[in-house]
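# Summary of the model geometry
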Amino acid sequence: IDGFTVTGLRASITAQGPFINDDLAICSGGTLGLTANANRPISGVTWSSTQQIPCTNCNPTSLIPGDSAFYQLIVMDEKQCLDSASIFIPVNNFFGEIVIDAELLNDRNGICFGDEVSLGLLIEPAAESILWESSQEIDCLDCEDIVVRPISDDVYGVVIDHINGCRSELSTSFKVNRKRCTQYIPNAFSPNGDGINDRFTVPSTRAGVQIVSMAIHDRYGGQFYHEENTSFTDATRGWDGTVRGKN
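Residues numbered from 1 in each chain as written. Predicted model: local features only at pLDDT ≥ 70, side-chain atom pairs only at ≥ 80, totals over all residues. Heavy atoms only, no water.

## Details of unusual backbone geometry
Put simply, asparagine 59 and proline 60 share a cis peptide bond, and its omega is 5°. Note the cis peptide between glutamate 124 and proline 125, where omega equals -5°. Secondary-structure assignment places proline 125 in the loop between β11 (117–124) and β12 (127–133). A positive phi angle, near 65°, is found at leucine 24, a position not held by glycine. (Helix = DSSP H or I, 4+ residues; strand = E, 2+ residues; numbered from the N terminus.)

If you want it as structure tokens, here you go:
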């Protein structure tokens, strides 16, 4: 016999997943698959990591990693020879949340017909792109903060591509009171200068709502007061009781 060659058991790991770069980085919440390989038939495997692996003796195995970590593998062949391998999988964490201007929302997440609602985003890390989606008009499809005016029940969704390659897909829904919310209109006021009910106004505690137009006429149809596009919170608005400057 001139000689012989002894080939030892050699183990390796193949990773599968929605990787976002050549470093095998995966977004948090993504499923990571791990497969044990060897140069000889495998009779058993053992996986270990600081991350929880649901099946440590499966080949392949899978998990949803919560953080960056090393994964260690021990492989045994049919002759009970052992070898080991390891692989590092970085995890890119990200966060996205829709923040709603809650002043207009009631306990049923409903708003009054015609109300404006501000929607903002909490994003980490920063966004590379933003795209809002709805069946109704949106004033700015790629803005971080938007104002919407739902006229019917609807869902507003947004897709955020983060600068680390991860994606957030979020949504929120609104129920709209099509009959309009009840608006109290007073039938008397006292313009006597005492600072109490001196002006005829339509009060409201609903933020973001404006009076589009309000007019007061005499019994013959003549108009002696008019205002438009005024805020309910404007203390100077309302009829002061005078007609053409006279009491």
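## Quick look at the state of the cysteines
In total, this model carries 3 disulfides according to the counting rule given. Across the disulfide from cysteine 27 sits cysteine 166; the S-S distance is 2.1 Å. Of note, the bridge from cysteine 27 to cysteine 166 carries an S-S torsion of about -105° and is left-handed in sense. Of the two residues, cysteine 27 is situated in strand β2 (residues 26–27) and cysteine 166 in the loop between β14 (154–162) and β15 (167–177); the sequence distance between them amounts to 139 residues. Residue classification places cysteine 27 among the buried positions, given a relative accessible area of 14%. On the accessibility criterion, cysteine 166 (1% relative accessible area) is buried. The residue that forms a disulfide with cysteine 55 is cysteine 58, at a sulfur-sulfur distance of 1.7 Å. Looking down the S-S bond of the cysteine 55 and cysteine 58 bridge, the torsion is 70°, so its handedness is right-handed. Judged by its relative accessible area of 27%, cysteine 58 falls in the partly exposed class. (Disulfide = S-S within 2.5 Å. Buried < 20%, exposed > 50% of the residue type's maximum accessible area, 1.4 Å probe, protein only.)

## Considerations on the sheet that holds β11
Here we have 3 strands laid out as an open sheet, ordered β9-β11-β13, and antiparallel in their pairing. Looking at strand neighbours, the two that pair on one side only are β9 (95–100) and β13 (146–148), the edges of this open sheet. Each strand axis lies, on average, 25° off the axis of its neighbour in the sheet, ignoring direction. As defined by bridge partners, β9 adjoins β11 across 6 bridges and the pair is classed as antiparallel. If you follow valine 99 over to β11, its bridge partner there is glycine 120. (Pairing = 2+ DSSP bridges. Axes fitted to C-alpha atoms, helices over the stretch in contact; angles between N-to-C directions.)

## Some remarks on the pattern of salt bridges
Within this structure, the stated rule accounts for 3 salt bridges. Here aspartate 77 ties to arginine 40 by a salt bridge, and the two come within 2.8 Å at their closest N and O atoms. With aspartate 77 in strand β6 (residues 69–77) and arginine 40 in the loop between β3 (32–38) and β4 (42–49), the pair connects residues that are 37 residues apart, well separated along the chain. Overall, aspartate 77 belongs to the buried group, its relative accessible area being 2%. We note a salt bridge from glutamate 116 to arginine 149, for which the minimum N-O separation is 3.0 Å. Linking glutamate 116 in the loop between β10 (110–112) and β11 with arginine 149 in the loop between β13 and β14, this pair joins segments that are 33 residues apart in sequence. Overall, glutamate 116 belongs to the partly exposed group, its relative accessible area being 30%. Residue classification places arginine 149 among the partly exposed positions, given a relative accessible area of 44%. (Salt bridge = Lys/Arg side-chain N within 4 Å of Asp/Glu carboxyl O.)

Read these as layout, nothing more, since geometry by itself doesn't imply function.
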